[in-house]
Amino acid sequence: MINQKRRRPLKIIGYFVLPVYLIYCEIIFKLFTVKTCPPIAWIPTVLFPAAIGLIISMLTGIPRNKKANRISRGVLMCIFAVLFLVNFFIYKQFKVFYEPGTVFAGAAGVATGFMDHVAKLVFSASGLIAIGLYFAPIILYFIFGDRIDSGERTSIYNVLQLAIVLIAVTIINLPIVKTNEVLKGAYSERYSFQSAVTDFGLLTGVRLDVTRTALRHFGINSTSLGKKEEVVMSPEEYENNIVREGAIVDKALAEVAASIVYEKSVMDIDFAKLAEETGGSLGAIDEYVASLTPSSQNEYTGIFKGKNLIFITAEAFSDSIVSPELTPTLYRLMTKGINFTDYTQQASAGTIGGEYQNIFGLYPSAAGESFMKMSSNLTWFTMGSELTRQGYSGRPFHNGEYTYYDRHITHNAIGYPDEYMAFGNGLEDLVTDSWPRSDLEMFDTTLEMYIDKQPFNLYYMTVSGHSLYSVTANAMSSKNWSYVKNMDASDTIKAYYAANLELEFALESLVKTLEDKGIAKDTVIVLAADHFPYGLDDDGAFGSMPYLAELYGFAPTNYLERDKNGLIIWCGELEDWATITVDEPVSSFDILPTLLNLFGLEWDSRLFPGRDVFSDAEPIVFNGMYDWKTDRGTYLSSKAEFTPKEGAVIPPGYVDRTNSIVRGKMGYCWDVLNYDYYRHVIEDSGYQK
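Note that the coordinates shown come from a computational prediction; the quantities given were computed from them, not determined experimentally. (Residues numbered from 1 in each chain as written. Predicted model: local features only at pLDDT ≥ 70, side-chain atom pairs only at ≥ 80, totals over all residues. Heavy atoms only, no water.)

## Description of the overall build of the chain
So, point 1. Secondary structure summary: the chain contains 28 helices and 17 strands in total.
So, point 2. The buried share among the 689 residues of the chain stands at 57%.
So, point 3. Put simply, 75% of the contacts in the chain that link residues at least 6 apart link residues at least 24 apart.
So, point 4. If you sum the accessible surface of the chain, you get close to 27400 Å²; carbon and sulfur atoms cover 58% of it. (Helix = DSSP H or I, 4+ residues; strand = E, 2+ residues; numbered from the N terminus. Buried < 20%, exposed > 50% of the residue type's maximum accessible area, 1.4 Å probe, protein only. Contact = heavy atoms within 4.5 Å. Areas by Shrake-Rupley, 256 points an atom, 1.4 Å probe, with all protein chains shown as cover.)

## Observations concerning the packing of aromatic side chains
Both the distance between ring centres and the angle between the ring planes are used here to describe each pair of aromatic rings.
So, point 1. Under the counting rule described, the total for this entry stands at 42 aromatic pairs.
So, point 2. Their ring planes at 70° and their centres at 5.8 Å tell us that Phe32 and Phe88 sit as a pair that is edge-to-face. In this pair, Phe32 is assigned in helix H2 (residues 17-32) and Phe88 in helix H4 (residues 66-94), connecting sequence segments 56 residues apart.
So, point 3. On the basis of relative accessibility, which here comes to 21%, the residue Phe32 falls in the partly exposed class.
So, point 4. With a centroid separation of 4.9 Å and an interplanar angle of 75°, the aromatic rings of Phe381 and Tyr678 are classed as edge-to-face. Taken as a pair, Phe381 in the loop between helix H18 (370-374) and helix H19 (383-388) and Tyr678 in helix H28 (residues 677-684) lie far apart in primary sequence, 297 residues in all. Taken as a pair, Phe381 and Tyr678 share a single burial class, namely buried.
So, point 5. An aromatic cluster is present here, built from Phe29, Phe84, Tyr91, Phe97 and Tyr134 joined pairwise through their rings.
So, point 6. Across from the ring centre of Trp380, 3.7 Å away, lies the NZ or CZ of Arg389, which sits over that ring. (Phe/Tyr/Trp six-rings, centres within 6.5 Å; stacked < 30°, edge-to-face > 60°. Lys NZ or Arg CZ within 6 Å of the ring centre and 35° of its normal.)

## Some words on the pattern of salt bridges
Oppositely charged side chains can pair when the atoms bearing their charge come close.
So, point 1. With the rule as written, the count across this model stands at 21 salt bridges.
So, point 2. The salt bridge involving Lys517 is made with Asp452; its shortest N-O contact spans 3.5 Å. Highlighted residues: Lys517 in the loop between helix H23 (491-516) and strand E9 (523-529) and Asp452 in the loop between helix H21 (439-447) and strand E8 (457-461), separated in sequence by 65 residues.
So, point 3. The class for Lys517 is partly exposed, based on a relative accessible area of 44%.
So, point 4. Asp452 gets classed as exposed once you look at its relative accessible area, which sits at 61%.
So, point 5. Taking the shortest distance from any N to any O, the salt bridge between Lys494 and Asp491 comes out at 4.0 Å. Of this pair, Lys494 and Asp491 both sit in helix H23, separated by 3 residues, roughly a single helical turn. (Salt bridge = Lys/Arg side-chain N within 4 Å of Asp/Glu carboxyl O.)

## Considering the confidence of the model for the chain
So, point 1. Of the residues in the chain, 89% have a pLDDT of 70 or more, and the chain-wide mean is 87.
So, point 2. Low pLDDT (under 50) marks residues 1-11, which in the prediction has 10 contacts with non-local residues, meaning those over four places away or in another chain.
So, point 3. Low pLDDT, under 50, characterises residues 222-254; the stretch is placed with 74 contacts to residues that sit more than four places away or in other chains. (pLDDT = per-residue confidence, 0-100.)

## Concerning the sheet that holds E9
So, point 1. Within the open sheet, the 8 strands sit side by side as E7-E6-E8-E3-E9-E11-E4-E12. Their pairing is mixed. Each of the sheet's edge strands pairs with one partner strand only, and the pair in question is strand E7 (421-423) and strand E12 (580-582). Averaged over all neighbouring strand pairs, the angle between strand axes comes to 15°, with direction disregarded.
So, point 2. Both strand E4 (residues 338-340) and E12 contribute to a ladder of 3 bridges, which runs parallel. Each bridged residue has a counterpart across the sheet, and for Ile338 the counterpart in E12 is Ile580.
So, point 3. Where helix H16 (residues 328-336) meets the sheet, it contacts E4, E9 and strand E11 (568-571), and its direction lies at approximately 85° from that of E11. (Pairing = 2+ DSSP bridges. Axes fitted to C-alpha atoms, helices over the stretch in contact; angles between N-to-C directions.)

## Focus: the pairing of strand E16 (residues 633-636)
So, point 1. Pairing between strand E15 (residues 628-630) and E16: 3 bridges, direction antiparallel. Of the residues in E16, the one forming a bridge with Thr630 is Gly633.
So, point 2. Linkage of E15 to E16, two consecutive antiparallel strands, is achieved through a turn of 2 residues.
So, point 3. Two elements, E16 and strand E17 (residues 641-644), share 4 bridges in a ladder whose sense is antiparallel. Bridge pairing in E17 places Tyr635 opposite Phe642.
So, point 4. Between the antiparallel neighbours E16 and E17 lie 4 residues, among them Ala640 with a positive phi of about 50°.

## Let's talk about a nonpolar patch on the surface
So, point 1. A cluster of nonpolar side chains, contributed by Ile71, Val75, Ile79 and Phe142, occupies part of the molecular surface with about 360 Å² of accessible area.
So, point 2. The greatest single-element share of the nonpolar patch, amounting to 3 residues, is contributed by H4.
So, point 3. Judged by relative accessible area, which is 45%, Phe142 ranks as partly exposed. (Patch = residues over 30% accessible without salt bridge, like charges linked within 9 Å, V, L, I, M, F, W, Y side chains within 5 Å.)

## Remarks on the nonpolar core
So, point 1. If you look at the biggest cluster of nonpolar residues, it comprises 78 residues, and the most contacted ones within it are Ile569, Phe599, Leu607 and Tyr677.
So, point 2. With near-sequence residues (within four places) excluded, Leu607 lies in contact with Met267, Phe271, Val289, Phe381, Tyr668, Tyr677, Tyr678 and Val681. (Core = buried A, V, L, I, M, F, W, Y, C linked by side-chain atoms within 4.5 Å.)

## Re the environment of Glu419
So, point 1. You can see Glu419 is positioned in the loop between helix H20 (407-410) and E7.
So, point 2. In contact with Glu419, not counting residues within four places along its chain, are Arg395, Pro396, Tyr402, Asn412 and Asn425.

This is the structure we're talking about:
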């Protein structure tokens, strides 16, 4: 009896090994990644993993073999350590958290194509410290585990003990999550993997992601379904005709403007009728689309009709490098085309996420898996598909590996008539094998394939601006070092500039070729980044990115500031026009709708979360954290805080209304992907017989 009484506490302590270890892991993870969060968020960050650990402890106590039970707990600790370390290194490299699907989808490519990056991360000081911190408790457990963990089988008495603890954890945890404005949004209506991990920890983020993904595949918990756009405006706005950031429109001018009636940007589809005929989840999406107000065509509709298109997604590009002295071609294209003064390139799922946004005009709601999933859908609304239907020639190019991110599948499904070409299926014969490879060589050797096949439609995913940024580790930085060596900047920033100069030289050659051929005025060049240059810094926490702050000239304090960038939409013909400036907030989601309007193609403005920037649609820039920016102000979901723009008039209910709109747009992005919604729209409506 004495021995039994002495051993009972050991049994209880043994069941708490996993919960304590998981709490420890979450604390280390948060301190090594985001570093900060709302103080109250530390409570669920500790209690959620405690609950998970307790449940697993009960399950590991089912076998009768005591040693096996202890070993199983030790093995599980190792698995959790690897899970945390993988996500730690992902955050260090990409400055975002990756959902489980993205991690598995990209693991093979990273292992084969970026081992130098992996090695740098693992053997860095912070990497070795993190590995030591996560595995030190495991080593101690395997050495001394039998002294604190009896490994005995779970009894009814143990189940009752743990059930009481779980109930206590729930009673403490859920009211905090459900009553705090920030935590409530991140846990439910404004959920994203990024915000969930930031506020609640990695394990809770994974749990919510797996649960929501499973539910949505069965048509449950789709945030866009049934959401209506509610317009709330004050009597003062109606009286003074306030239309943008509180500016009062002169009534005489308003009357003149009202006399010009533009058609709506819609297709001949009755979405309300389609909703009635379809029903179910697809019908609910139809109902949502039908509830939206379509935007109008405008004076810029069709100005690029019939022109050639060269669309460039530029690896890790930042407009901070643009100047008339160092990058005269980039400066020319950015200022003598359409001049965007407030552009955001949302960083979501690395390069493939940025490409997804640029090509489809949608948020990659399934993160890095989004493009692959979309490739099996009907990709009707891409510039590749739209212009191919108009008889254009063209194909996508990339000077990276042919199969990386499964581009050999995805980029053959975005509507171009000719096969995607990259390093591995033809481009290796045209471009020097280095890392990174030359954008200049790619442009020069591929443009001649189509320069005489007008109208042409080309897509380029560049790679010269890829990290690492040093003379020794980056072939483009080394090649162009002489142009930047005397800059008043750190060597890392000099190397970044030098790498991106290859893109400048590629564009210089491209524009010269177009002009020599006499087709510059008949060719449109579009350039957008895939993401901010996250490879500059080892850390991604705000306040811990010194090189990004050096590049920008200020230290970003939130995701919208971090993701500020530049957008190029240029045509030689525009240089003869008065400068076209877009001062309202614009993002990557707006590129496709704007191009569809400029090229005079048939599209429906209600089918896109972004807008044609020249239309009468309200400007809303948003990201996966449910932060948003309009011409009236900025909202940060991490603080549940709205900051009005100076001089803006804010109508009653404006923040709640805009939050609702953003939630609807985010949910709609998932629905388009998950339900192959564009196929339904085109085929089930009878639009395509």
